[in-house]
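Inside the fold
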4 protein chains.
Amino acid sequence: MPGNTFGKLFTVTTAGESHGPAYCCIIDGCPPRLEISPSDIQRDLDRRKPGQSPAVSQRRETDSVEILSGIFEGFTTGTPIALLIRNHNARSKDYEALKNVFRPGHADYTYQKKYGIRDHNGGGRASARETLMRVAAGAIARKYLSTLCNIEIKGSLAALGSIVISNEDPDSSTDNDFFCPDPKRLPELRGVIAELRKAGDSIGARVNIIISNVPAGLGEPVFDRLNADLAHALMSIPAVKGVEIGAGFAAIMQKGSEHRDEITPTGFKSNHAGGILGGISTGQTITAGIALKPASSIRKSADTVTKDNEPTTISVTGRHDPCVGLRAVPVAEAMVALVLMDHILRDRAQNNRIF
Amino acid sequence: MPGNTFGKLFTVTTAGESHGPAYCCIIDGCPPRLEISPSDIQRDLDRRKPGQSPAVSQRRETDSVEILSGIFEGFTTGTPIALLIRNHNARSKDYEALKNVFRPGHADYTYQKKYGIRDHNGGGRASARETLMRVAAGAIARKYLSTLCNIEIKGSLAALGSIVISNEDPDSSTDNDFFCPDPKRLPELRGVIAELRKAGDSIGARVNIIISNVPAGLGEPVFDRLNADLAHALMSIPAVKGVEIGAGFAAIMQKGSEHRDEITPTGFKSNHAGGILGGISTGQTITAGIALKPASSIRKSADTVTKDNEPTTISVTGRHDPCVGLRAVPVAEAMVALVLMDHILRDRAQNNRIF
Amino acid sequence: MPGNTFGKLFTVTTAGESHGPAYCCIIDGCPPRLEISPSDIQRDLDRRKPGQSPAVSQRRETDSVEILSGIFEGFTTGTPIALLIRNHNARSKDYEALKNVFRPGHADYTYQKKYGIRDHNGGGRASARETLMRVAAGAIARKYLSTLCNIEIKGSLAALGSIVISNEDPDSSTDNDFFCPDPKRLPELRGVIAELRKAGDSIGARVNIIISNVPAGLGEPVFDRLNADLAHALMSIPAVKGVEIGAGFAAIMQKGSEHRDEITPTGFKSNHAGGILGGISTGQTITAGIALKPASSIRKSADTVTKDNEPTTISVTGRHDPCVGLRAVPVAEAMVALVLMDHILRDRAQNNRIF
Amino acid sequence: MPGNTFGKLFTVTTAGESHGPAYCCIIDGCPPRLEISPSDIQRDLDRRKPGQSPAVSQRRETDSVEILSGIFEGFTTGTPIALLIRNHNARSKDYEALKNVFRPGHADYTYQKKYGIRDHNGGGRASARETLMRVAAGAIARKYLSTLCNIEIKGSLAALGSIVISNEDPDSSTDNDFFCPDPKRLPELRGVIAELRKAGDSIGARVNIIISNVPAGLGEPVFDRLNADLAHALMSIPAVKGVEIGAGFAAIMQKGSEHRDEITPTGFKSNHAGGILGGISTGQTITAGIALKPASSIRKSADTVTKDNEPTTISVTGRHDPCVGLRAVPVAEAMVALVLMDHILRDRAQNNRIF
């Protein structure tokens, strides 16, 4: 399979470019008789929508989804579900100047090298706007996971540059424009963003994901371990530079007697494993963290070259996110949902289990 | 596809259990007319072989490979290559006591939950011994990458617990039992291992991988980005808890003006991206790091439960690695080779390029 | 992968139901820099469009295609191509009576058994109207095959019931509403159709496909032989009950000395193999034939049951094809194009060949 | 995936050449806790073994299988099952003369064209001996199908050249060296084979397959219809030139009022569909037929060319089958078993059904 399909049994194939007529996706393998309304999908799309706060891109899009197939009288039919979202606020003229210039930190250079041709408008296929179809498809997976399996997936901002957000309350709300689980820190975060906008710069971020109520037994060793598929899914999100599960990089410094989670008749004593052992879920909460690089589209000038390898400088104006990590939260949740959904179906195929 | 196949065009399917009769793998999709001798494969197998130093498991295996098919008069024929390695030093009696007990930190519990049955001898399929077929298959990929594309993949120990090994010389040799690029640190490392053996404990590690001479253009957005497939491959190695590419988790603290690698007519000014932009290789060196948890098979006693959920304690004796991170080095190199080989074929299919 | 994707490297995923809002497909893996205009696609769509002659269904659809992505300034970019065709002439009321009744010979019964839910309007997903996206996607493959490889694919009506059309002139035109290579037979064919319409009945058909200029070397033994993939592709077309390659079923009566195609320095002496040996193309013309059952949607009354297994009778009125074999011609051509395109990419990946 | 893997969820990857050291296969996705003994596999292998009667090749092989993994204490564990069969009676010297000559009707020419290299001994990978691993893997699928689903798959000789075997008794035994369901015809069949051996020629055959007790609901429209996957599977068997389901090519002459199988509360009135509608099983008996070409390895001399395109003649001696259609019977049964097993798992994944 080429690279625009995710999943093996619950598959999502996406298409679309930032300034083309539309994005669409086809979801195949969704079990029949799942109740789905457009609002189930729209809810998650609205969470990643740009233009909703000063913290994110000011591009104005309704991002409203049309269901083209696969849902009949409000229920999935087992046939492929096609979703369509039209682009409304494309502003190709913003990009005319970038036609022959490679923006540092972007995929302009690599798409040109790979394909010998590229749609330069807003990054074309490489634009992070592509993630909206992941969120739309993920919403269907989440509906299934939540309704039939009680699985909940919750992402939150864990760091914005050097500001670390600790999250001591697992039930804390992240219903704010920073997906921040600790609302007391919001003024501080807003201050950082304001400063970055002023300076024409951007900053990296860390996002944590907590997955509750996953049954034991999900994951397909040896290559398609649940953690490996999560790593694949999360690393495929634009700007992600690192993924860790459970103790993650901290495990380097741990001793075996500390890391291994001892077991008692009432459960595990700890969760350094992050809910996965040998590539298979243990039934504990799954925890993951991702590192997101700072956005490369900034006003500050940078050296670069043209398509003809002539030196030039660039200052990216237009409508951009000072911290792409923020809007990555619903995207990360969606990718996790797609992985879990896929593994539930894969496990079911081999093991005949009913979740 | 079930979980024991890796790759889409250069596929490796492995089978085998730690104390069963043999491991084998089938490699499909290898280009024809590549010269391969058994020693090309044996060389890498010997690098991960146990029993070669006090730093690793004392299990004695020759790990000698038999080529069953796909190579004719010394050259690949384009047909599937089957490799066979018999287990010689299986000691099932070591494991009799573990038949009904779940070792903490191991897959015993999860395999039982998933399949309702498990081969308990040495972890069965979940044993890290499974990685020997990855190394065997990876050796064929490496031969191709090195011979036809000049690509070199080099892993090295970057940290053992709190001991950080800095590697300032890219050409340094790692030809020692610690895969350590700085031989001055070997006595210190040996000391740590000796202490751990004495204490019946283990320690985590970090492994870095450097991939040189990768051409620009490898990677299949949006889901099968080169970094996503590397993350998948590396996270599928037993004991890996984290993966980072380029700046990795350090990118959280970086500003856009710092992270983005500016471009000049003679090349990039820096390599925070780690050689990949938008999921496609830039032509720069690709850099990755992985975190490995400490081995769970240690002598120190731990609480656990039996299959019937009765409390018990366990002290794992037998032949184990005090730091699984060491022997993970050739495994990580092999997995990277499989990813690159696969992406070269995928790129070639679509782009008609000849590497 | 679930069942709505065809191909491994040039993949086509389709979605849509007969009376839903739209059909769409996503084509992934198309090589970049191929010139494609909407008319390249529309031309083939128009060949399978209903309502164009008394010989076919009278449903009126423009079947006009919108390109949503993957083509930039007239050329493919290597990114996924999404195509959209809206349904305009849906007449759900025609189907209200069929909501709870299974039409014999249709998929009504089996979809209900499989999914426990079905869109009954015009057969929903099971409608042969689904093949329009195959034709749209196939048109892109054909453009590539024709432009870059000079491969031509030509289907024609070979039998309508007991009327056998012999085709002695390989260059004969099939540009008529019966895809008949021998225009002298058209009045006879029209007579049969008129009679069937009057009788409220339908008839089977045979379609032959001739593929010219296929290079030697396409096909991936042992399972994905070129003939096996052609059989898969052709048998996936609604109403197809049989597939043969080369001598086909006539080979049963042949002796080895007759069937094997002897070879001379200037080429093969015959082509009983139909252009494929050992699953790989020989460079000769590939010949295939398919058998299509008579349409099941006819006016003649039949016994059937309701969803509740109550006996009833049914007479299917509405807009139907008296011989579904006719419009199957462009569909068969499209499926063959998808197979060849896929195998060119697969061969290229492994063999580094440039077609 | 390259071409040596069959199936999507119950996957079989095979490797091996006719005169190499061994054949092996890896079966992945087999449900756990299925009881399997070596004799379950050996039984079917013995049915296709050469050298057992004058009607088939006189090559002497034990074809005895070694289980390398995936089965623990007599039960599958859910991990990959590797099977190994060593070649004992390889006689490479038989083939020395064929090193540079293309045998007409064989894959010699096409493998050379595709890969630029080939193992010429006994056809190498293209030898029909490759099918023994299909039979071994199929035996595991059959055990599951028979034990858990009561599904039975029965192939039989339906024609040998112009001799047509009618099979009026579905319970008739085919336990003879011709897989002939009508033992009265055996002398006649033996006569034909004796004559062919004398004449140094061969003959085509037809094999019918009857699949009983398939539940309704198997098959994944639109591309992976059950009939499409059966066509793929059966056409991938060496020498197969045609596949038909149900009425097959006879459907060309049928009217809709005749072909469509009317339904009553107690079941279908007929079975022209062959047990599949819209690509999904109806619950009726599935019927299929295949045409096999006459063997090309015959003593009668033929014109051909050398690798350097010099004209020459060839008379193939050695140990060959005068009618490859005979030993194709257990192979066809095995391929059908693999398709059904795969579709049961695929259906289970999406539909949560327990067969």
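A quick note: this is a predicted structure, and the numbers were derived from the prediction, not measured. (Residues numbered from 1 in each chain as written. Chains lettered and ligands numbered in written order. Predicted model: local features only at pLDDT ≥ 70, side-chain atom pairs only at ≥ 80, totals over all residues.)

1. Quick look at the overall build of chain A
Basically, it comes down to this: Here a helix means four or more residues in a row that DSSP labels H or I, a strand means two or more in a row labelled E, and each is numbered from the N terminus. As a reference, a globule follows 2.2 Å times the number of residues to the power 0.38, and the radius of gyration itself is taken over C-alpha atoms. Residues with at least 20 other C-beta atoms within 10 Å of their own are called buried, those with 12 or fewer are called exposed, and the rest are partly exposed. The C-beta atoms themselves are positioned from the backbone. C-beta atoms are first placed from the backbone for all residues, and any pair lying within 7 Å is then listed as a contact.
A count of helical and extended segments in chain A gives 7 helices and 18 strands. Computed over its C-alpha atoms, the radius of gyration of chain A comes to 21 Å, within 12% of the 20 Å expected for a compact globule of 355 residues. Over its C-alpha atoms, taken along the principal directions, chain A stretches across nearly 65 × 50 × 40 Å. Counting only residues that meet the buried cut, chain A has 66% of its 355 residues in that class. Across chain A, contacts joining residues at least 24 apart in sequence account for 70% of those joining residues at least 6 apart.

2. Remarks on the relation of the copies chain A and chain D
Heads up, the rule is: Only residues with pLDDT of at least 70 in both copies count here: their C-alpha atoms drive the least-squares fit that superposes the copies.
Mapping chain A onto chain D calls for a screw motion: a turn of 180° about the axis and a shift of 0.0 Å along it, with 0.0 Å RMSD after fitting. Such values leave the two copies arranged in the relation of a two-fold axis. Within chain A, the C-alpha atom positioned nearest to the axis of rotation is that of A349(A), 2.2 Å from it. Counting the interface residues of chain A, we find that 100% of their copies in chain D are interface residues as well, pointing to one common contact surface.

3. Re the interface of chain C and chain D
To be explicit about the condition: By the convention adopted, Pro, Cys, Tyr, Trp, Phe, Met, Ile, Leu, Val and Ala count as nonpolar, Lys, Arg, Asp and Glu as charged, and the other residues, Gly among them, as polar. Strands are labelled as partners when DSSP assigns at least two bridges between them.
Listed by partner, the interface residues are 89 residues for chain C and 89 residues for chain D. Considered class by class, the residues forming the side of chain C that touches chain D number 38 nonpolar, 30 polar and 21 charged. Direction of pairing for strand β11 (residues 240–245) of chain C relative to strand β11 (residues 240–245) of chain D: antiparallel, over a ladder of 3 bridges. By the bridge assignment, E244(C) is partnered in β11(D) with G242(D).

4. A few points about the sheet that holds strand β4 (residues 65–67) of chain C
Residues and elements named next belong to chain C. To keep things clear, this is the line we draw: Structural elements are reduced to axes, namely lines fitted to C-alpha atoms, with helices fitted over the stretch in contact, and the angle between N-to-C directions of any two is expressed from 0 to 180 degrees.
In spatial order, the strands read β1-β2-β3-β7-β4; together these 5 strands make up an open sheet with antiparallel pairing. Edge strands, defined here as strands with exactly one partner in the open sheet, are β1 (5–6) and β4. This element, helix α3 (residues 131–149), spans β2 (11–16), β3 (22–28), β4 and β7 (81–86) of the sheet and lies at about 35° to β3.

5. Remarks on the pairing of strand β3 (residues 22–28) of chain B
Residue and element names in this part refer to chain B. With 6 of 7 residues buried, β3 lies mostly within the body of the structure. Sheet analysis places strand β2 (residues 11–15) next to β3, joined by 5 bridges and oriented antiparallel. In the sheet register, T11 faces β3, and the bridge partner there is D28. Adjacent in sequence and paired antiparallel, β2 and β3 are bridged by 6 residues, among which G16 carries a positive phi angle near 130°. Pairing between β3 and strand β7 (residues 81–86): 6 bridges, direction antiparallel. Across the sheet, residue C25 finds its bridge partner in β7, namely L83.

6. Overview of the interface of chain A and chain D
Between chain A and chain D, the residue contacts involve 13 residues of the former and 13 residues of the latter. Split by residue class, the side of chain A that touches chain D holds 6 nonpolar, 5 polar and 2 charged.

7. Regarding the sheet that holds β11(C)
Either a parallel or an antiparallel arrangement is found when strands of a sheet pair, and the pairing is made through backbone hydrogen bonds. The strand order across the open sheet formed by 10 strands is β9(C)-β8(C)-β10(C)-β16(C)-β11(C)-β11(D)-β16(D)-β10(D)-β8(D)-β9(D), and the pairing between neighbours is antiparallel. Taken across any chain shown, the strands that pair with only one partner, and hence form the sheet edges, are β9 (163–164) of chain C together with β9 (163–164) of chain D. Examined bridge by bridge, strand β8 (residues 152–160) of chain C and strand β10 (residues 205–212) of chain C share 8 bridges and lie antiparallel to one another. Note that in β10(C) the partner of G155(C) across the bridge is I209(C).

8. Let's talk about the packing of helix α3 (residues 131–149) of chain D against helix α7 (residues 324–351) of chain D
Residues and elements named next belong to chain D. Keep this limit in mind: Throughout this description, any angle smaller than 35 degrees is read as roughly parallel, any larger than 145 degrees as roughly antiparallel, any in the 65 to 115 degree range as roughly perpendicular, and the remainder as oblique. Note on convention: the crossing is left-handed when the near helix lies turned anticlockwise from the far helix by less than a right angle, right-handed when the turn is clockwise.
Where α3 contacts α7, the axes come no closer than 7 Å and their chain directions differ by 55°. Taken together, the axes of α3 and α7 are oblique relative to one another. The two elements α3 and α7 meet at a crossing, and its hand is left-handed. Two secondary-structure elements touch here, α3 through T131, R134, V135, A137, G138, A141, R142, Y144, L145 and C149 and α7 through P330, V331, E333, A334, M335, A337, L338, L340, M341 and I344. Its residues placed into classes, the contact of α3 with α7 shows 15 nonpolar, 2 polar and 3 charged.

9. Some thoughts on helix α3 (residues 131–149) of chain B
Residue and element names in this part refer to chain B. This is how it is decided: By definition here, a helix of n residues has an expected span of 1.5 Å times n minus one.
End to end, α3 covers 25 Å across 19 residues, agreeing with the expected 27 Å (1.5 Å per residue, within 8%). Across the 19 residues that make up α3, a large majority, 15, are buried. One or two steps after α3, the chain reaches N150, where phi turns positive at roughly 65°.

10. Regarding the packing of helix α1 (residues 38–48) of chain D against α3(D)
Residue and element names in this part refer to chain D. Packing of α1 against α3 brings their axes to within 8 Å, and their N-to-C directions diverge by 135°. The angle between the axes of α1 and α3 places the two elements in the oblique class. Between α1 and α3 lies a crossing of right-handed hand. From α1, D40, I41, R43, D44, L45 and R48 reach across to α3, where they touch T131, L132, V135, A136, G138, A139, I140 and K143. Grouping the constituent residues of the contact of α1 with α3 by class yields 7 nonpolar, 2 polar and 5 charged.

11. Side note on the environment of E66(D)
Here E66(D) is to be found in strand β4 (residues 65–67). Between the C-alpha atom of E66(D) and that of K198(D), which follows or precedes it by 132 residues, the distance is 38 Å.

12. Focus: the environment of R48(D)
With respect to the helices, strands and loops of the structure, R48(D) is situated in helix α1. With near-sequence residues (within four places) excluded, R48(D) lies in contact with T131(D), L132(D), V135(D), R327(D), P330(D) and V331(D).

13. Regarding the environment of R260(D)
For R260(D), the location among the structural elements is in the loop between α6 (256–259) and β12 (263–264). Spatially, the C-alpha atoms of R260(D) and T174(D) are 31 Å apart, while their sequence positions differ by 86 residues. Leaving out residues up to four positions away in the same chain, R260(D) has contacts with P104(C), G105(C), S296(C) and A302(C).

14. Digging into unusual backbone geometry
Trans peptide bonds make up the majority, and among non-glycine residues the majority have a negative phi. Residue V222(A) follows P221(A) across a cis peptide bond; omega there is 0°. Examined against the element boundaries, V222(A) turns out to sit in the loop between β10 (205–212) and α5 (226–235). Positioned with a positive phi, F179(A) is a non-glycine residue whose angle comes to about 50°. Assignment of secondary structure puts F179(A) in the loop between β9 (163–164) and α4 (186–199). At D63(B), a residue that is not glycine, the phi angle is positive and equals roughly 50°. Looking at the element boundaries, D63(B) is found in the loop between α1 (38–48) and β4 (65–67).

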